[in-house]
Amino acid sequence: MVEAGEQVDGKVGRPQQLLDVVPASRRFIGMKLMADEVVGVTTDLRANVLASQSRRLTDRSPDAVADIVADLARALAAGTPEVMALGIGIGGFLGEQGQVLSAPFLGWQDVPLGLMIETRTGIPTMVENDLVAFTEYEHWFGAGRGLDRFAVVTLGAGVGYGLVIHDEIVRNDEFGIGLVGHWPLDPFGPVCSEGHRGCAKAVLTDTAITHAVSQAIGRPVSYPEALDLAASGEPAARRVVDDAGRGLGRLLAAIANLTMPETVVLGGEGVRLAEVAAAAIDTGLRADRDPRTRPIPLTIRSGENIEWCRGAAVVAIQTFVLGRRTAET
């Protein structure tokens, strides 16, 4: 700790000297585990990224993935001060002590990933839902720092929602299932895999948008191409993307009406939708908000994997600072 340079008058006794951490005094690793790749960063005590590397996953079996993650951790730790903790963000349903109860994108059930990595590396390892980790970064160091209430919405292969109230993430035993994906947005919209018509999963995911644009123009397109076509004014793509944008606006309006956040952070690999469909999002928002309400402050992140990694690093930092050793369920 170092003196922060300002003193507080304690009324009784000598003035109190504010203290601050020395960010460079500790190192942490944060990783984002995906279906075909793992990306990792080394950070300081404030989650500032100092280095990054990635590894491809050619085998999704737990042992093979654990070996690759451990190799990446050793590479990120090489030549740095001692790494105090390692955080791994994964899009799945988690139990205690780093147990991955379900990760459909990897085909995993009941995998003790945290123990497997810690055994291989000797580094205290925390495994957390990637949305929780992303939200914790915004909570400690990002747009939500110092706020009483804020929300996070992520777009990509799924739709994620995190909420912080009174300095705590709101969660229960069902967190990680992706419940916000079932939120209804369009009574005449497409049907999702669970049979819900016009829900967030059916309207806002990159797969849903890509499929709808591909059908509309008569050829397969990628998600970036679908957004490029909409941005260039291609009529069918523009209609699909604007429909999704209005749906996102309605989802943001519902979050604002129900939880009254001071700001909303938009992130995830599909977040470019917020840029391309900005006008449609505003239309959806205004349609479901009382005209007397103030505009919702939005913070739009880049959607890069590094942001997820920083979130995982914050989980590791919290473990070091607060002594957390298990995931809450």
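Residues numbered from 1 in each chain as written. Predicted model: local features only at pLDDT ≥ 70, side-chain atom pairs only at ≥ 80, totals over all residues. Heavy atoms only, no water.

**A look at the sheet that holds strand 7 (residues 93-94)**
The sheet built from three strands is open, its strands ordered 7-8-9 with antiparallel pairing. Each edge of the sheet is formed by a strand with only one pairing partner; in this case those strands are strand 7 and strand 9 (108-111). Relative to strand 8 (residues 100-103), strand 7 is paired through two bridges, and the arrangement is antiparallel. For Phe93, the partnering residue across the bridge sits in strand 8 and is Ser102. (Pairing = 2+ DSSP bridges. Helix = DSSP H or I, 4+ residues; strand = E, 2+ residues; numbered from the N terminus.)

**Section: the sheet that holds strand 5 (residues 49-56)**
With mixed pairing, five strands are arranged side by side in an open sheet as 5-4-3-6-10. Each of the sheet's edge strands pairs with one partner strand only, and the pair in question is strand 5 and strand 10 (125-129). When strand polarity is set aside, the average angle formed by the axes of neighbouring strands in this sheet is 20 degrees. The pairing of strand 4 (residues 37-43) with strand 5 spans seven bridges and is antiparallel. Of the residues in strand 5, the one forming a bridge with Glu37 is Arg56. Along the sheet, helix 2 (residues 113-121) contacts strand 3 (27-33), strand 6 (83-90) and strand 10; its crossing angle with strand 10, the most-contacted strand, is approximately 150 degrees. Across the sheet, helix 10 (residues 305-322) lies against strand 3, strand 4, strand 5, strand 6 and strand 10, angled at about 130 degrees from strand 3, the strand it touches most. (Axes fitted to C-alpha atoms, helices over the stretch in contact; angles between N-to-C directions. Contact = heavy atoms within 4.5 Å.)

**A short note on the layout of surface pockets**
Approximately 1300 Å³ is the volume found for the largest pocket. Along the wall of the largest pocket there are 46 residues; nearest its centre are Val159, Gly160, Gly176, Ile177 and Gly178. The residue makeup of the lining of the largest pocket, split by class, is 23 nonpolar, 16 polar and seven charged. Along the wall of the second largest pocket there are 23 residues; nearest its centre are Asp186, Gly189, Pro190, Val203 and Asp243. Listed by contribution, the elements that provide at least two residues to the lining of the second largest pocket are helix 4 (200-204), helix 5 (206-217), helix 7 (235-259) and helix 9 (278-287). (1 Å grid on protein atoms, 1.4 Å probe; cavity = no way out; pocket = protein on both sides within 12 Å on 5 of 7 lines; lining within 4 Å. Points joined across faces, edges and corners; volume = space filled by probe spheres on them. Nonpolar A, V, L, I, M, F, W, Y, C, P; charged D, E, K, R; others polar.)

**Some points on the confidence of the model for the protein**
Counting all residues, the mean pLDDT for the protein is 91, and 91% of those residues have values of 70 or more. Contacts of residues 1-5 to residues separated by more than four positions or lying in other chains number 17 contacts, the stretch itself having pLDDT below 50. (pLDDT = per-residue confidence, 0-100.)

**What about the state of the cysteines?**
Taken as a whole, this structure holds zero disulfides when the rule is applied. With no disulfide of its own, Cys199 lies closest to Cys192 among cysteine sulfurs, the gap being 3.7 Å. (Disulfide = S-S within 2.5 Å.)

**What about the nonpolar core?**
Core analysis: the biggest nonpolar cluster contains 39 residues, and Val153, Leu204 and Leu273 have the highest contact counts within it. The greatest single-element share of this core, amounting to ten residues, is contributed by helix 7. Setting aside anything within four residues of it in sequence, one finds Val153 in contact with Gly160, Tyr161, Leu248, Leu251, Leu252, Ile255, Val264, Val265, Leu266 and Gly267. Among the nonpolar cores identified, the runner-up in size contains 27 residues, and Val69, Leu72, Ala73 and Ile90 belong to it. (Core = buried A, V, L, I, M, F, W, Y, C linked by side-chain atoms within 4.5 Å. Buried < 20%, exposed > 50% of the residue type's maximum accessible area, 1.4 Å probe, protein only.)

**With respect to a nonpolar patch on the surface**
A cluster of nonpolar side chains, contributed by Phe320, Val321 and Leu322, occupies part of the molecular surface with about 260 Å² of accessible area. The exposure class assigned to Val321 is partly exposed, which follows from its relative accessible area of 46%. (Patch = residues over 30% accessible without salt bridge, like charges linked within 9 Å, V, L, I, M, F, W, Y side chains within 5 Å. Areas by Shrake-Rupley, 256 points an atom, 1.4 Å probe, with all protein chains shown as cover. Salt bridge = Lys/Arg side-chain N within 4 Å of Asp/Glu carboxyl O.)

**Quick word on the environment of Ile177**
Assignment of secondary structure puts Ile177 in the loop between strand 13 (168-169) and helix 4. Separated by 86 residues in the primary sequence, Ile177 and Gly91 place their C-alpha atoms 9.2 Å from one another.

**Describing the pairing of strand 12 (residues 159-165)**
Burial analysis of strand 12 places five of its seven residues in the buried class, which makes it a mostly covered element. Where strand 11 (residues 149-155) hands over to strand 12, the hairpin turn is made up of three residues, counted between the paired strands. Here strand 12 folds back onto strand 13, and the loop between the two strands holds two residues, one of which, His166, carries a positive phi near 50 degrees.

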